[in-house]
Amino acid sequence: MEGDFSSMENQETNGVVPLSYQTEKPISLSLEPENSDEINDSPIEQVRLTVPITDDPSLPCLTFRTWLLGIVSCALLAFLNQFFGYRQNALYISSVSAQIVVLPIGMLMAAKLPNKMIRIPATKWSFSMNPGPFNLKEHVLITIFANSGSNSVYAVNVITIVKAFYHRGIHLMAALLLTKTTQMLGYGWAGLFRKFLVDSPYMWWPNNLVQVSLFRALHDVEKRPKGGLTRLQFFLMVLASSFAYYIVPNYLFPSITALSFVCWIWKDSVTAQQIGSGLGGLGVGSFALDWSTVAGFLGSPLATPGFAIANIMVGFCLVLYVLIPIAYWTNSYEAKKFPIFSPHVFDSNGQEYNVSAILNETTFQFNEQGYDDYSKINLSIFFSYGYGLSFATLAATLSHVALFHGRSIWQQTKATFQDKFGDVHTRLMKKNYEPVPQWWFYTLLMVVLALAMLTCEGFGGQLQLPYWGVLLAMGLALLFTLPIGVITATTNQQPGLGVVAELIIGYMYPGKPFANIAFKTYGYISMTQAIMFLNDFKLGQYMKIPPKSMFVVQLVGTLVASSVYFSTAWWLLTSVENICQPSKLPEGSPWTCPGDDVFYSASIIWGVAGPLRMFGRLGLYSKMNYFFLIGLLAPLPVWILSRKFPEHKFISLIHMPIILGGAGAMPPARAVNYICWGCVGLFFNFYVYRRYRGWWARHNYILSAGLDAGVAFMAILCYFTLQVRDINGMRWWGLELDDHCPLASCSTAPGIEVEGCPVF
């Protein structure tokens, strides 16, 4: 055993994978059973501590219970997430909620349903409504269905801004096909790269360990330790506590979702509120007493490796507390004319940009004369540097993977054809189950690609994107799936591809906003869908689910989820008057669409004006292109140091793509989200992990699942019992979903007049 682990350490120092924690000997909580013929040789300690190495291939998987509970869970989560997604306080309900709820229902079905075989008419097929006790593999597949329902459908953003922001029509079938094809294209890339991103033991997908821990807590028969709790008891205790507490930030005292004391002390100072606001400024001294603030935009910090949290917080602090203050108070790009932090676009007078002045209403293309007569597009200082840093992140992603993982990818490429690499989990899957044939993936890819071209070229060309744009988007997704997959599989952080997609099509096909967002959706979302499918395949490997069953469930789940997301969005867009237009909505109406607002601004920047007039020679922000070079070179010094000083393991944990993209979730995330997320994550994944290793291995991921589930259940209960009837509690200052920093969004340049702000 010691020899195995020392060889793994040698591979790590050669740049195979940045492991946050690794010991030469496994600690006593190893999940290797005494009578097992297999050795738990996973090179990742968290996997050894969490994932069992046993399997029972005889358990039924695609049962009646799996189909019924899975499809219902998928559809329900898709409806709720799209429904809440348009609201001011958007709520995301994860698959953990369904994972918990379906367990007692599945057990009840196993106890009450008849086990008589039912034959399907006109076929030789038959099934039993009750094939035996509700088992772990059924539960996992139902959760995979739920994962499909909990992951948003990006194409709905396109449909939303077309109908609600640009106020244009789009053919129902074109919109439906756009939704389906963008969600399904990722299967091809998943099939191409699953050998590297699933079979490799170094691609460990940290987020899946939360699910594995919860499954074990719900299914393992465990004896309660003296003076302690079983994992299920601990989970139920956390769930009940989180559920009971969340009525405070969600309903009684929403202001504690962001507490900014600096603003309360200096009520009339614009500068103080810019520094202290957790929602509209730098967030100095701000914090929250709300788990949804901690995990709402960045995911659970308990599920993110400690080294990744440290990298993200270093990047966040360098951007928010060094770069942005220097740029703003030196008036870079006339920053003082605009808010220090805003996702909106502005004209040269500091007012919000009037997009209709630069769009031809007949052809819906860029109006150059109107643009020349009106104003260039200006961005807030954070938004402008945010784009620059996103350029750097993309370039750094490619160079980091080439430097740190290039050798291992090449070795795995050769081993792939010889089936030479893997760990205990890979061996068990190969021994017990048939793999999914590659032609399944490729056939699906070709069919969906043809439908994508029909969507863009047909229906009167409403999406403005020609066939070559679809093919180019496919090439972009193909190029980035592997490097971004490697980073996601090892750090639990996924760099975005949206900006580079917007940049490419903006230069090649300028002045057409719908073409820009359609290209971005095909290029970016087919890659993110591939990452999601690969993540689910890795969960299936950990839980020993037959790969063909996984494929079928993912495929059906994607079709069901995309249909429900689309139907819910279309219903709301056609039935809620003035949806996504806050100035025209009645007072207190929640239908403000905050996420779509950012998407709309991006469509103006990249699609209407185009990158040439934003980041090219005709724009104000051409120097942002230097960030591509910065990002490309940034991983090189770290790589050189890691090779020169291999005994210093911490050097290989310096992850430049994560540092450069540290603040990449802003907007829509805010400073208070990062501050709370970082504090919680560093405490649990450094202090608790090192001082109380046994407690961490037993309870950390279950704590994360319990907090998430409690928040989701209380939010649903509050909405459908109180808020849907406009019962919003007593009127007082704490009921406002705000940090009470109204001056944080003001400009500080002389002569700029903005409603509610002082004039300097």
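Residues numbered from 1 in each chain as written. Predicted model: local features only at pLDDT ≥ 70, side-chain atom pairs only at ≥ 80, totals over all residues. Heavy atoms only, no water.

Draft legend 1. Fine view of the pattern of salt bridges. A complete count under the given rule lists seven salt bridges for this structure. Among the salt bridges present, the one from Lys 195 reaches Asp 199, with a minimum N-O distance of 3.7 Å. Here the residue Lys 195 and the residue Asp 199 both occupy positions in helix α8 (residues 186-199), the gap between them amounting to four residues, near one helical turn. Residue Lys 195 is classed as partly exposed on the basis of its relative accessible area, which comes to 28%. (Salt bridge = Lys/Arg side-chain N within 4 Å of Asp/Glu carboxyl O. Helix = DSSP H or I, 4+ residues; strand = E, 2+ residues; numbered from the N terminus. Buried < 20%, exposed > 50% of the residue type's maximum accessible area, 1.4 Å probe, protein only.)

Draft legend 2. Unusual backbone geometry, seen in detail. The residue Trp 205 is not glycine, and still its phi comes out positive at about 50°. Tracing the sequence through the fold places Trp 205 in the loop between α8 and α9 (208-219). Although it is not a glycine, Gln 464 sits at a positive phi angle of roughly 65°. By secondary structure assignment, the location of Gln 464 is in the loop between α19 (438-457) and α20 (467-491). For Gln 464, a relative accessible area of 14% translates into the label buried.

Draft legend 3. Main features of the packing of helix α4 (residues 95-112) against α9. The contact between α4 and α9 brings their axes to 11 Å, and the two run at 15°. Accordingly, the angle class assigned to the pair α4 and α9 is roughly parallel. Relative to α9, the crossing made by α4 is right-handed. On α9, the residues touching Ser 95, Val 96, Gln 99, Ile 100 and Leu 103 of α4 are Gln 211, Leu 214, Phe 215, Leu 218 and His 219. Counted by class, the contact of α4 with α9 contains six nonpolar, four polar and no charged residues. (Axes fitted to C-alpha atoms, helices over the stretch in contact; angles between N-to-C directions. Parallel < 35°, antiparallel > 145°, perpendicular 65-115°, else oblique. Left-handed = near helix turned anticlockwise from the far one by under 90°. Contact = heavy atoms within 4.5 Å. Nonpolar A, V, L, I, M, F, W, Y, C, P; charged D, E, K, R; others polar.)

Draft legend 4. Structural detail: the state of the cysteines. This model, assessed by the stated rule, comprises three disulfides. Each disulfide pairs two cysteine sulfurs, and for Cys 263 the partner residue is Cys 741, the sulfurs being separated by 2.0 Å. Handedness of the Cys 263-Cys 741 disulfide follows from its S-S torsion of about 105°: it is right-handed. Of the two residues, Cys 263 is situated in helix α12 (residues 261-265) and Cys 741 in the segment after α29 (693-721); the sequence distance between them amounts to 478 residues. The same class applies to Cys 263 and to Cys 741, which are both buried. (Disulfide = S-S within 2.5 Å.)

Draft legend 5. A look at α19. Helix length check: α19, at 20 residues, gives a terminal C-alpha distance of 29 Å against a target of 28 Å (1.5 Å per residue), a fit within 8%. The set of residues buried in α19 consists of Phe 441, Leu 444, Leu 445, Val 448, Leu 449, Ala 452, Thr 455 and Cys 456. Down the axis, α19 shows its buried residues gathered within 140° of arc, on one side only. Seen from the open side of α19, the exposed residues pointing more than 90 degrees away from its buried face are Trp 439 and Met 446. Residues of α19 that are buried make contact with α7 (172-184), α8, α20, α22 (513-543) and α23 (547-575). A positive phi of about 55° marks Phe 459, the residue just after α19. (Expected span 1.5 Å × (residues − 1). Arc of directions from axis to C-beta.)

Draft legend 6. Summary view of the nonpolar core. Tyr 86, Tyr 166, Ile 377 and Ile 579 are the most contacted members of the largest nonpolar core, which has 221 residues in total. Sort the elements by how many residues they give to this core and α22 lands first, with 18 residues. (Core = buried A, V, L, I, M, F, W, Y, C linked by side-chain atoms within 4.5 Å.)

Draft legend 7. The arrangement of the packing of α9 against α22 in detail. Two elements in contact, α9 and α22, have axes separated by 10 Å at closest approach and are oriented at 35°. Considering how the two elements wind past one another, α9 and α22 form a crossing that is right-handed. Touching Asn 208, Leu 209, Gln 211, Val 212 and Phe 215 of α9 are Asn 535, Lys 538, Leu 539, Tyr 542 and Met 543, all from α22. Grouping the amino acids of the contact of α9 with α22 by side-chain chemistry returns six nonpolar, three polar and one charged.

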